Amino acid sequence: MTLTWNDDSPVQRHPRAVWRAFEGEVAIIAPWEGAVRTLNHVGARCWELADGRSFRAIVDVLLGEFDVSRSVLEGDLRAFLAELAARELLALGEDRP
Amino acid sequence: MTTTPAQVLEVLARRSGVAAIRLHVLVADRCNHRCGHCYQVQGEDGEMSLREILAIIDRFRRQGGLVLSVSGGEATLRADLVDILRYARDAGLATILYTNAYLVDDSLADSLASCDLWRVDVSLYSDVETAHDQLTGISGSWRRTVAGIRRLAGRGIRVQLKTPLTTAAVGTTFERMAALASSLGCTLQVFDQISAGEDGGLAPLEQKLPPAEVAAFAGGDPALDCEAETGLDSALLDRAPCTIASSALTVRSNGALTPCTHVPVEIANLTDGGELEGVLRASEVVGFLRALTWRNVHGCRDCDLLSACGRCHATALAQAGDMLGPYPEACELAVARYSSTTGGGRVPAPGPQSGVNRARGPFRVESDGALTPIPDVVTAEDLALVSRFPWLRGRWPAKGSGVVHLRRNKDGNSLDTARRAP
Ligand code: SF4
Ligand code: SF4
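Residues numbered from 1 in each chain as written. Chains lettered and ligands numbered in written order. Predicted model: local features only at pLDDT ≥ 70, side-chain atom pairs only at ≥ 80, totals over all residues. Heavy atoms only, no water.

## Quick notes on the site of ligand 2
Stage number 1. B:Cys242, B:Thr243, B:Ile244, B:Cys260, B:His262, B:Val263, B:Cys312, B:His313 and B:Ala314 make up every residue found near ligand 2.
Stage number 2. Residue composition of the shell around ligand 2, grouped by class: 6 nonpolar, 3 polar and no charged. (Near = heavy atom within 4 Å. Nonpolar A, V, L, I, M, F, W, Y, C, P; charged D, E, K, R; others polar.)

## Brief notes about the interface of chain B and chain A
Stage number 1. Listed as interface residues are 21 residues of chain B and, on the opposing side, 18 residues of chain A.
Stage number 2. For the pairing of chain B and chain A, the buried interface totals around 1500 Å² over both sides, and the portion due to carbon and sulfur atoms is 60%.
Stage number 3. On the surface where chain B and chain A come into contact, there are 2 salt bridges.
Stage number 4. A salt bridge links B:Arg15 to A:Glu25; its shortest N-O distance comes to 2.8 Å. (Contact = heavy atoms within 4.5 Å. Buried area = accessible area lost by both parts, 1.4 Å probe. Salt bridge = Lys/Arg side-chain N within 4 Å of Asp/Glu carboxyl O.)

## Thoughts on unusual backbone geometry
Stage number 1. Cis rather than trans, the peptide bond between B:Gly72 and B:Gly73 has omega equal to 15°.
Stage number 2. Checked against the element boundaries, B:Gly73 lands in the loop between strand E2 (67-71) and helix H3 (81-90).
Stage number 3. Backbone torsion omega between B:Gly361 and B:Pro362 reads 10°, so that peptide bond is classified as cis.
Stage number 4. Looking at where B:Pro362 falls in the secondary structure, it is placed in the loop between helix H13 (328-342) and strand E10 (363-365).
Stage number 5. Residues other than glycine seldom take positive phi values, yet A:Glu88 does so here, at roughly 60°.
Stage number 6. Unlike most non-glycine residues, B:Ala101 shows phi in positive territory, near 60°.
Stage number 7. Mapped onto the elements of the fold, B:Ala101 is located in the loop between strand E3 (94-99) and helix H4 (106-113).
Stage number 8. Accessibility expressed as a relative area gives 0% for B:Ala101, which makes it buried. (Helix = DSSP H or I, 4+ residues; strand = E, 2+ residues; numbered from the N terminus. Buried < 20%, exposed > 50% of the residue type's maximum accessible area, 1.4 Å probe, protein only.)

## Details of the site of ligand 1
Stage number 1. Looking at ligand 1, the residues that line it are B:Cys300, B:Cys303, B:Leu306, B:Cys309, B:Pro326, B:Ala330, B:Cys331, B:Ala334, B:Gly361 and B:Pro362.
Stage number 2. Grouping the amino acids of the shell around ligand 1 by side-chain chemistry returns 9 nonpolar, 1 polar and no charged.

## Focus on the packing of aromatic side chains
All names here are of chain B.
Stage number 1. Considering all chains together, one arrives at 4 aromatic pairs over all chains under this definition.
Stage number 2. Relative to Phe389, the ring of Phe288 has its centre 4.2 Å away and its plane inclined at 20°; by these criteria the two rings are stacked. Placement of the pair is Phe288 in helix H11 (residues 284-291) and Phe389 in the segment after helix H14 (380-388), with a sequence separation of 101 residues. An identical accessibility class is assigned to Phe288 and Phe389; each is buried.
Stage number 3. Every member of this aromatic cluster is reached through a ring pair, and the members are Phe288, Phe389 and Trp391.
Stage number 4. When the ring centre of Trp118 is taken as origin, the NZ or CZ atom of Arg119, which lies over that ring, is 5.7 Å away. (Phe/Tyr/Trp six-rings, centres within 6.5 Å; stacked < 30°, edge-to-face > 60°. Lys NZ or Arg CZ within 6 Å of the ring centre and 35° of its normal.)

## Quick notes on the sheet that holds strand E3 (residues 25-29) of chain A
Residues and elements named next belong to chain A.
Stage number 1. In space, the 3 strands of this open sheet follow the order E2-E3-E4, with antiparallel pairing throughout. The outermost strands of the open sheet, each flanked by one partner alone, are strand E2 (18-22) and strand E4 (36-39). The average angle at which neighbouring strand axes cross in this sheet is 20°, direction not considered.
Stage number 2. In this structure, E3 lies alongside E4, joined through 4 bridges in antiparallel fashion. Each bridged residue has a counterpart across the sheet, and for Ala27 the counterpart in E4 is Thr38. (Pairing = 2+ DSSP bridges. Axes fitted to C-alpha atoms, helices over the stretch in contact; angles between N-to-C directions.)

Right, dumping it as structure tokens:
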């Protein structure tokens, strides 16, 4: 499945994923897989922001926090979200609360 | 080498700044099996009420906890087990249940499926029914356990078979256990350490698969292969020997918080209230155990088999009377692991060298691959630690006495009172 995010797409963590933010990182456990996933500082911030707000809203917050151009940031964020989606860590379709 | 979830949790436990990232809670002080290798002494501690357990879950979650594992005794003997697991999950914790699955019928399996567990670990000692039943002391236990596993896995619950290498594994192999796990839709974890009893008794060690057979069994299990290389490097020596007092923190059935399942030092009793974070940060014992590295373990820090060794402080205390030194069981197993991967590992006949105990390490690997026992050097700093924490040495204290301040909870709960509603 190819997933795309346009500006208005809601981005939402999977509601069944258990996670905790620590200093500079996030640990995520999904009940359907054995692994404990950890995200570094930037990934952790994206994950924290993925609370159902729109793709554009996340980009706007991150632009204020990181020294990066909008086009680079959008590309990086899309790639990151695709990775999360591949691991079923985002709520898509019927998983969306 | 793959990193296991347990290793990731241990790394997080040490670098996250959270006082307790994982907590292991023993909810039942009783069992429906009588496994010969079991380290526990049951029926003496009493059990926390549901209300007390839920309060501990709250405190664990509040200070940043991530994973709660629930065990016993046999946890499914508690009528309120599902309430505990559901509460933990609703509190935002990843939950693991340890069970023998003997009591998992359709109704319990349905309830457990509704708890959104991260994993259920089920002990299964062999693919041979009679061998498993002989170790558990319960005729028909293999069949019921396997039926329980099928019910869990059939409901989409992730099940991991846990197979300690005991006498029940004589005649089977890793490949056969892996095939069984796969046919049941489970993963498999095999481990070769059996620990002494929590009362210091050595009877559980008699159920251990003999080292030569461990090596043969483990031939196909990469997780049990020792590192091909031997020798010491400073990075290894600066590492913690195990997860004690960090991701192994354990709450016993009476609320006693201990550094792990096996080391019988009570940090606090959590039924007395108090925030978990404050309790852990104020504890000198926790600070000391968390700071331990291989450099604190005399003998082992000089031993070329360190990377092949799976020693445990608790068994060291029980078997050698010294928590921070070598002990025969571990040395024997490390030599067997080394031998199985190198073909070497012969310990030469006794020589005139003094101060060397041939039954145990430390060992030096000679250029031809043979092992030579070398002196176990104990320093003044080692002895200073013993003066500070006398329980590091000596006879294992019996339950309820000395260092082990384990006791029944305030209400003097009997086994049945744990079933009452909060
Ligand atoms: S001395 Fe024995 S217990 Fe210590 S590392 Fe060597 S083999 Fe293991
Ligand atoms: S002392 Fe033994 S049981 Fe306790 S954490 Fe270390 S290896 Fe595990």
